[in-house]
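# Residue-level structure breakdown
Spelled out from the first residue to the last, the chains are:
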Amino acid sequence: MNRVQIVEVGPRDGLQNEARTLSHEARLRFIEHLVHSGLKRIEVGAFVSPQWVPQMAGSEELIRTLYGKPPAARFSALVPNVRGMEDALRTPIPEVAIFGACTETFSRKNINCSIAESIERFQAVTKLAKAHKRIVRGYLSVALGCPFEGAVSEQKVIALTVAFLKMGVHEVSIGDTIGVATPKQVRSLLTKLKRKVPLHKIAMHLHDTRGTALANVLASLDLGVRVFDSSFGGLGGCPYADGASGNLATEDLIYMLHGMGFKTGVDLDKLLKFSLQIESEIARKLPSRLAAAGLPKVAQKRHKGPYA
Ligand code: HMG
Ligand code: MG
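Residues numbered from 1 in each chain as written. Chains lettered and ligands numbered in written order. Predicted model: local features only at pLDDT ≥ 70, side-chain atom pairs only at ≥ 80, totals over all residues. Heavy atoms only, no water.

## Considerations on the overall build of the chain
The cut-off we apply is this: Runs of H or I in DSSP of at least four residues are treated as helices and runs of E of at least two as strands, each being numbered from the N terminus. We compute the radius of gyration over the C-alpha atoms and compare it with the globule rule, which gives 2.2 Å times the number of residues raised to the power 0.38. Relative accessibility decides the category of a residue: with a 1.4 Å probe and only protein chains considered, values under 20% of the type maximum give buried, values over 50% give exposed, and everything between is partly exposed. Calculation of accessible area relied on Shrake-Rupley with a 1.4 Å probe; when residues are assessed, cover is drawn exclusively from the protein chains displayed. For the purpose of charge, His is not counted, nor are the chain termini; Lys and Arg are scored as positive and Asp and Glu as negative. The location of each charge is read from NZ of Lys, CZ of Arg, CG of Asp or CD of Glu.
For the chain, the helix and strand inventory stands at 13 helices and 8 strands. In terms of overall dimensions, the chain is globule-like: its C-alpha atoms have a radius of gyration of 18 Å, near the 19 Å expected for 308 residues. Reported as C-alpha extents along the three principal axes, the dimensions of the chain are approximately 50 × 45 × 35 Å. Across the 308 residues that make up the chain, the buried fraction comes to 58%. Of the roughly 12,600 Å² of accessible surface on the chain, a fraction of 54% belongs to carbon and sulfur atoms. Between the mean site of the 41 positive side-chain charges and the mean site of the 28 negative ones, the chain shows a separation of 6 Å.

## Concerning the site of ligand 1
Quick reminder of the rule: Any residue with at least one heavy atom within 4 Å of a molecule or strand is counted as near it. Nitrogen and oxygen atoms within 3.5 Å of one another constitute a polar contact, given that in protein one can donate a hydrogen and the other can accept it, and given that sequence-neighbouring residues count only through two side-chain atoms. Just so you know the grouping, Ala, Val, Leu, Ile, Met, Phe, Trp, Tyr, Cys and Pro go in nonpolar, Asp, Glu, Lys and Arg go in charged, and all remaining residues, Gly too, go in polar.
As a structural note, the neighbourhood of ligand 1 is formed by 26 residues, with Gln-16, Asn-110, Asn-112, Ser-141 and Thr-177 the closest of them. One nitrogen or oxygen atom from the side chain of His-205 is found 3.0 Å from an oxygen atom belonging to ligand 1. Protein coverage of the free-state accessible area of ligand 1, which is 1,100 Å², stands at 72%. If you list the elements that add at least two residues to the shell around ligand 1, you get helix H1 (10-14), helix H4 (82-89), helix H5 (104-111) and strand E5 (135-141). Partitioned by chemical class, the residues of the shell around ligand 1 number 12 nonpolar, 11 polar and 3 charged.

## Quick word on the environment of Thr-182
Quick reminder of the rule: The contact definition used throughout considers only heavy atoms, calling two residues in contact when any of these lie within 4.5 Å.
Examined against the element boundaries, Thr-182 turns out to sit in the loop between strand E6 (171-176) and helix H8 (183-196). With relative accessibility at 38%, the residue Thr-182 sits in the partly exposed group. Between the C-alpha atom of Thr-182 and that of Asp-13, which follows or precedes it by 169 residues, the distance is 22 Å. Residues within four places of Thr-182 in sequence aside, it is in contact with Thr-212 and Asn-216.

## Side note on the side chain of Arg-27
This is how the line gets drawn: What counts as a salt bridge is simple: a side-chain nitrogen of Lys or Arg found within 4 Å of a carboxyl oxygen of Asp or Glu.
Among the secondary structure elements, Arg-27 is positioned in helix H2 (residues 24-36). Of the buried charged residues, Arg-27 lacks a salt bridge, with Glu-61 as the closest side chain of opposite charge at 8.0 Å. Those residues in contact with Arg-27 that sit more than four places away from it in its chain are Leu-15, Leu-22, Val-44, Gly-45, Gln-55, Met-56, Ala-57, Gly-58, Ser-59 and Leu-62.

## Description of the coordination of the magnesium ion (ligand 2)
Each angle at a metal carrying four tetrahedral donors should ideally be 109.5 degrees, and each at a metal carrying six octahedral donors should ideally be 90 or 180 degrees. Note the following rule: Donor criterion used throughout: N, O or S atom within 2.8 Å of the metal, extended to 3.2 Å for Na, K and Ca. Water excluded; incomplete-looking sites may result.
Coordination of the magnesium ion (ligand 2) by the protein comes from Asp-13 (OD), His-205 (NE2) and His-207 (NE2), over a distance range of 2.1 to 2.4 Å. Donor residues for the magnesium ion (ligand 2), ordered by position in the chain, follow D-x191-H-x1-H. With a gap of 194 residues between them, Asp-13 in helix H1 and His-207 in the loop between strand E7 (202-206) and helix H9 (213-223) connect regions that are remote in the sequence. Accessibility expressed as a relative area gives 2% for Asp-13, which makes it buried.

## A closer look at the pairing of E5
For clarity, the threshold we go by: Two strands qualify as a pair provided DSSP detects at least 2 bridges between them.
When you tally the buried positions in E5, you get 6 out of 7 residues, the bulk of the element. The pairing of strand E4 (residues 95-101) with E5 spans 7 bridges and is parallel. Pairing of Ala-97 across the sheet is with Arg-137, part of E5. Where E5 meets E6, 4 bridges bridge the pair, whose relative direction is parallel. Among the inter-strand pairings, Leu-140 is bridged to a residue of E6, identified as Ile-174.

## What to know about the nonpolar core
Filter applied, for reference: For our purposes a nonpolar core is just a set of buried Ala, Val, Leu, Ile, Met, Phe, Trp, Tyr and Cys residues, chained together by side-chain atoms within 4.5 Å.
Formed by 100 residues in total, the largest nonpolar core has its most connected members in Phe-75, Phe-164, Ile-174, Leu-190, Ile-202, Met-204 and Ile-278. When sequence neighbours within four positions are dropped, the list of residues in contact with Phe-75 reads Ile-31, Val-35, Ile-42, Val-44, Leu-66, Tyr-67, Ile-93, Pro-94 and Glu-95.

## Some words on helix H7 (residues 154-167)
Heads up, the condition is: To estimate how far a helix should reach, multiply one less than its number of residues by 1.5 Å.
If you check H7, its first and last C-alpha atoms are 20 Å apart, about what 14 residues at 1.5 Å a residue would give, namely 20 Å. Taken residue by residue, H7 has Val-157, Ile-158, Leu-160, Thr-161, Phe-164, Leu-165 and Met-167 as its buried positions. The elements touched by buried residues of H7 are E4, helix H6 (115-131), E5, E6, H8 and E7. One side-chain oxygen at the N-terminal end of H7 lies 3.2 Å from the backbone nitrogen of Gln-155; it belongs to Ser-153. At the exit of H7 stands Gly-168, carrying a positive phi of roughly 105°.

## Re the packing of H4 against H6
Each pair of packed helices can be described by the angle between their axes along with the distance between the axes. Under the convention used in this document: As a rule, the C-alpha atoms of each element are fitted with a line to give its axis, helices using only the stretch in contact, and angles between N-to-C directions run from 0 to 180 degrees. When an angle is under 35 degrees it counts as roughly parallel; over 145 it counts as roughly antiparallel; between 65 and 115 it counts as roughly perpendicular; any other value is oblique. Left-handed is the label given to a crossing in which the near helix is rotated counterclockwise from the far helix by less than a right angle, and right-handed is the label when the rotation is clockwise.
Following both chains from N to C, one finds H4 and H6 inclined at 20°, their axes separated by 9 Å at the closest point. By the angle between their directions, the pair H4 and H6 is classed as roughly parallel. Between H4 and H6 the crossing geometry is right-handed. Between H4 and H6, the residues in contact are Val-82, Met-85, Glu-86 and Leu-89 and Ala-124, Val-125, Leu-128 and Ala-129, respectively. For the contact of H4 with H6, a count of residues per class yields 7 nonpolar, no polar and 1 charged.

## Structural notes on the environment of Asp-269
Tracing the backbone through its elements, the reader meets Asp-269 in helix H11 (residues 268-272). Accessibility expressed as a relative area gives 16% for Asp-269, which makes it buried. For the pair Asp-269 and Gly-294, spaced 25 residues apart in the sequence, the C-alpha separation amounts to 8.9 Å.

Shown next, in the form of structure tokens:
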């Protein structure tokens, strides 16, 4: 299968970690540009505590505005608990994402509860979401290494993935939250995971902190994964994981995928046109390699609309 789905997480994972909080209008412009470039799945916000992540405050209003006209993409948002789900239900958002962790310390630091407590909360969230015909995605953070506990057991990741799917989550996104994984490790985890769950239910969420994200995408592609999370410009990280800066940049990922003959539906040329605008809004240079170097002339046709 030569089609790859990209889940663009820049407006959530990206912006949640920026020192500057973007205005409602700036967030809207950013998301509209992503849609206009052909991205079909976009995580646009989070129903979390504004005390914990002030950058995501106002997600409810943002989502209502986005659904003021029929959307050309599927939007989703993070939901940590029933309170967040109730807030999400006041909007037409069709997909929410629960987010758990593979270590106890990270779970406490990120959502202030143990893994067992988080599973109970997520069961309630999933039940409520389903009763209102919303689909649920699940994240498993620090699946390939934890900033507090170090190495993470593959069996733990597999058990939690199975638990999420049993709960009715349609897809589990395996997070290398602090960008420590290397391809050998990714291959080992996915080979074992594949024996227990169908890989079309797995996405990879790779941070590029140490420059290994694209190599890890290649390892995942070889094993059959076809859904990848990435963030425009390489924006992002996790405020509760020191050193989690740098999501895999969407444009770097797409450049590699198109060059390999995979289709994404994204017009890379169009996508790149927003780089300067977002740099001026966040007041720093984007880490994306393609944003810095631009598309080489020879590749320009390949990355436009119908060829993408
Ligand atoms: P808590 O303080 O334990 O919550 O936070 P609580 O139940 O004790 O309630 C305390 C107050 O918060 C109450 O208000 C609640 O109503 C309110 P008060 O009575 O004091 O006025 N509250 C809420 N407000 C808004 N939205 C809510 C909500 N829930 C309670 N949903 C909580 C628990 C989960 C809320 C908090 O820990 C939190 O918001 N954490 C979010 C952390 C976060 O967003 N992290 C970043 C995203 S995860 C990530 O980036 C990783 C990922 O990218 C994958 C990867 O890279 O691995 C997904
Ligand atoms: Mg992340």
